[in-house]
Amino acid sequence: MDDAFILAHVDHTLLAATATWAEIERLCDEALTYSTASVCVPPCYVAPISKAFPSVNICTVVGFPLGYEVLSTKTATGRSAIEDGASELDMVINLADVKNGQFAAVGAEIAALKAVAGSRILKVIVETCYLTESEKIVLCGVVTDAGADYIKTSTGFGAAGATIDDVKLFKANIGVNVKIKAAGGIRTREDMISYLEAGCSRLGTSSAVKILTGGESQGY
């Protein structure tokens, strides 16, 4: 598996609260130079990137990183991001609904964000570090039935990040139209290869460019 193939599956990520425009510019320059799948950035940077880097594929986050905003806030965030130029949305589910067993509400939220996204990609972050195995399995069905494009392991801001076991569990339980994104704690070339070989179509990491090309890591 060559470096170009790996980078083509990377959402080159900078979601730090203190991210500066100079750092975002460098992220976008790297994304163009190394042909990453996208840049994944805070919503406040979507419009400036769209203006300054019109050829960059922009992914942004909704309900990040805790997920407990009300649905109207999440849909408004998603709609604004798309109007600003985002092509992909990574939403965090409401984990309180999960823990209360309100999976229908989780599904309705995902479906509402997919309606906002339309033909654009919607990735659903389930934050595996806070879930039981049975909850993960149920959520695979919920994400599938709600029409999302991806199930994503983690925000990178929780108690732990992606694991190969979780990716394998997802692969065994999601629908045929749902892809997998692993994020959080992906720090080596070997990690990236392992996740891609396990069935991931995207990797969320700030480290890929630095590791594979000697560039500068921005920090997840």
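Structural notes, computed from the coordinates. Everything numeric here is computed off the predicted structure, so don't read it as measured data.

Regarding the overall build of the protein chain
Across its full length, the protein chain carries 10 helices and 8 strands. Each of the three principal axes of the protein chain carries a C-alpha extent, and together these read 45 × 35 × 30 Å. Counting only residues that meet the buried cut, the protein chain has 51% of its 220 residues in that class. Residue pairs in contact within the protein chain that sit at least 24 positions apart in sequence constitute 68% of those at least 6 positions apart. Side-chain charges of the protein chain comprise 18 positive and 25 negative groups, with the mean position of each set lying 2 Å from the other.

Quick notes on the nonpolar core
With 60 residues, the main nonpolar core has Ile49, Ile93 and Ile110 as its most contacted residues. Discounting residues that sit within four places of it in the chain, Ile49 has contacts with Trp21, Ile24, Cys28, Val39, Val41, Pro54, Val56 and Ile58. Counting 7 residues, the second largest nonpolar core, distinct from the first, contains Leu15, Cys40, Phe64 and Val92.

Brief notes about the packing of aromatic side chains
Evaluated as defined, the whole model comprises 2 aromatic pairs. Both rings, one in Phe64 and one in Phe157, keep their centres 5.3 Å apart while their planes meet at 85°; by these two values the pair is edge-to-face. One end of the pair, Phe64, is in the loop between strand S3 (58-62) and helix H4 (71-84); the other, Phe157, is in the loop between strand S6 (150-152) and helix H8 (164-173), and 93 residues separate them in sequence. Positioned above the aromatic ring of Tyr150 is the side chain of Lys123, whose terminal nitrogen or guanidinium carbon lies 5.9 Å from the ring centre.

Some details on unusual backbone geometry
Here the residue pair Phe64 and Pro65 is connected by a cis peptide bond, since its omega of 0° sits within 30 degrees of zero. Even without glycine at this site, Glu127 takes up a positive phi of about 55°. Mapped onto the fold, Glu127 is located in the loop between strand S5 (121-125) and helix H7 (133-145).

Examining the pairing of strand S1 (residues 10-13)
Burial along S1 is two-sided: Val10 and His12 facing one way and Asp11 and Thr13 facing the other are all buried. Relative to strand S8 (residues 202-205), S1 runs parallel, the two sharing 3 bridges. Bridge pairing in S8 places His12 opposite Thr205. Inspection of the sheet shows S1 paired to strand S2 (residues 38-41) by 3 bridges, in the parallel sense.

Conventions used here
Residues numbered from 1 in each chain as written. Predicted model: local features only at pLDDT ≥ 70, side-chain atom pairs only at ≥ 80, totals over all residues. Heavy atoms only, no water. Helix = DSSP H or I, 4+ residues; strand = E, 2+ residues; numbered from the N terminus. Buried < 20%, exposed > 50% of the residue type's maximum accessible area, 1.4 Å probe, protein only. Contact = heavy atoms within 4.5 Å. Lys, Arg positive; Asp, Glu negative; His and termini not counted. Charge placed at Lys NZ, Arg CZ, Asp CG, Glu CD. Core = buried A, V, L, I, M, F, W, Y, C linked by side-chain atoms within 4.5 Å. Phe/Tyr/Trp six-rings, centres within 6.5 Å; stacked < 30°, edge-to-face > 60°. Lys NZ or Arg CZ within 6 Å of the ring centre and 35° of its normal. Pairing = 2+ DSSP bridges.

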